[in-house]
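Overview (structure and organization)
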Amino acid sequence: MREKVLVLDFDGVIVKLNVEWPKVYSKVSELAGYNVTDLITFWKNTFGTELYDKANKVIEEYEILALSRSIVYPDVHEALKIFNGTIYLASMQSQKVLESFLEKNGLKAYFKEVLGRERFGVKRRQLEYILERERGKNIYFIDDLQRNIDSCEDLNIKCVLIRRWKGESLLQKVREILEA
Ligand SMILES: [Mg+2]
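Residues numbered from 1 in each chain as written. Predicted model: local features only at pLDDT ≥ 70, side-chain atom pairs only at ≥ 80, totals over all residues.

Attention now goes to the packing of helix 1 (residues 21-32) against helix 3 (residues 50-67). Taken N-terminus to C-terminus, the directions of helix 1 and helix 3 make an angle of 160°; their axes are 10 Å apart at the nearest point. Between helix 1 and helix 3, the angle is such that the two are roughly antiparallel. Regarding helix 1 and helix 3, the two cross each other, and that crossing is right-handed. Contacts between helix 1 and helix 3 involve Lys23, Val24, Lys27, Val28, Leu31 and Ala32 from the former and Leu51, Lys54, Ala55, Val58, Ile59 and Tyr62 from the latter. For the contact of helix 1 with helix 3, a count of residues per class yields nine nonpolar, no polar and three charged. (Axes fitted to C-alpha atoms, helices over the stretch in contact; angles between N-to-C directions. Helix = DSSP H or I, 4+ residues; strand = E, 2+ residues; numbered from the N terminus. Parallel < 35°, antiparallel > 145°, perpendicular 65-115°, else oblique. Left-handed = near helix turned anticlockwise from the far one by under 90°. Contact = placed C-beta atoms within 7 Å. Nonpolar A, V, L, I, M, F, W, Y, C, P; charged D, E, K, R; others polar.)

Quick look at the domain arrangement of the chain now. Split by domain assignment, the chain resolves into domain 1 (4-14 + 71-179) and domain 2 (21-67). Measuring from the centre of the C-alpha atoms in domain 1 to the corresponding centre in domain 2 gives 22 Å. Taken residue by residue, the interface counts eleven residues in domain 1 and nine residues in domain 2. For the side of domain 1 that touches domain 2, the secondary structure elements donating two or more residues are helix 5 (95-104) and helix 6 (117-120). For the side of domain 1 that touches domain 2, the element with the most residues is helix 5, which contributes three residues. (Domains from an automatic or database assignment.)

Further remarks concern the packing of helix 4 (residues 76-83) against helix 9 (residues 170-179). At their nearest, the axes of helix 4 and helix 9 sit 8 Å apart, and the two run at 15° to each other. What the angle tells us is that helix 4 and helix 9 run roughly parallel. Pair helix 4 / helix 9 crosses with left-handed handedness. Between helix 4 and helix 9, the contacting residues are Val76, Glu78, Ala79, Ile82 and Phe83 on the first element and Leu170, Leu171, Val174 and Leu178 on the second. Its residues assigned to classes, the contact of helix 4 with helix 9 shows eight nonpolar, no polar and one charged.

This next bit is on helix 1. Spanning twelve residues, helix 1 covers 16 Å between terminal C-alpha atoms, matching the ideal 16 Å at 1.5 Å per step. Just downstream of helix 1, Gly33 is the residue with a positive phi angle, here 85°. (Expected span 1.5 Å × (residues − 1).)

Once that is clear, we can look at the nonpolar core. The biggest cluster of nonpolar side chains holds 34 residues, and the ones touching the most others in it are Val7, Leu8 and Phe141. Those elements giving two or more residues to this core turn out to be strand 1 (4-8), helix 4, strand 2 (86-90), helix 5, helix 7 (123-133), strand 4 (138-143) and helix 9. Excluding its chain neighbours within four sequence positions, the residues that come into contact with Val7 are Tyr88, Ala90, Leu127, Ile130, Ile139, Tyr140 and Phe141. (Core = buried A, V, L, I, M, F, W, Y, C linked by C-beta atoms within 7 Å. Buried ≥ 20, exposed ≤ 12 C-beta atoms within 10 Å, placed from the backbone.)

By the criterion of burial, strand 1 is predominantly enclosed, with five of the five residues buried. Along strand 1, one buried face is formed by Lys4, Leu6 and Leu8 and the opposite face, lined by Val5 and Val7, is buried too. Bridge analysis of strand 1 against strand 4 gives five bridges, and the strand direction is parallel. Each residue of the ladder has a partner; that of Leu6, found in strand 4, is Tyr140. (Pairing = 2+ DSSP bridges.)

Structure follows, in structure tokens:
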């Protein structure tokens, strides 16, 4: 059987990030000089520009504030433990925020690599990066956003939607992957 690799999104999968989104959007809109209503598109369109770097820094501050108010979903430790293989974190949160959160919550050691927004700009580029490094393995990607699932449909990855808001559990998804 081919080795399995697990790729997890952060917000909505590992943790419910309690960011003050209205403030974030107003700050980013101010920096951009137009009304930003969708950060995923904003990151995608501004990647590699000065505006991207500026917005990254501003939002990072809100993310750091949010971390102290955000709690890891109760099934995360167990899910990572039973997977017992190569796991990546692929998130559009800041690298610094991701690393410090994982560290504080005793989760860092489970991950082979943490991919934040600075280096990638879009989720798809993160998945392509992992595909390149994990050739010949079965890659499973779990995200809570249908858009992210759709964006990787044509890649050679099994994309799994998790609906935490409907009570779906990461532990259950990981069990299904292990049994597949
Ligand atoms: Mg998410």
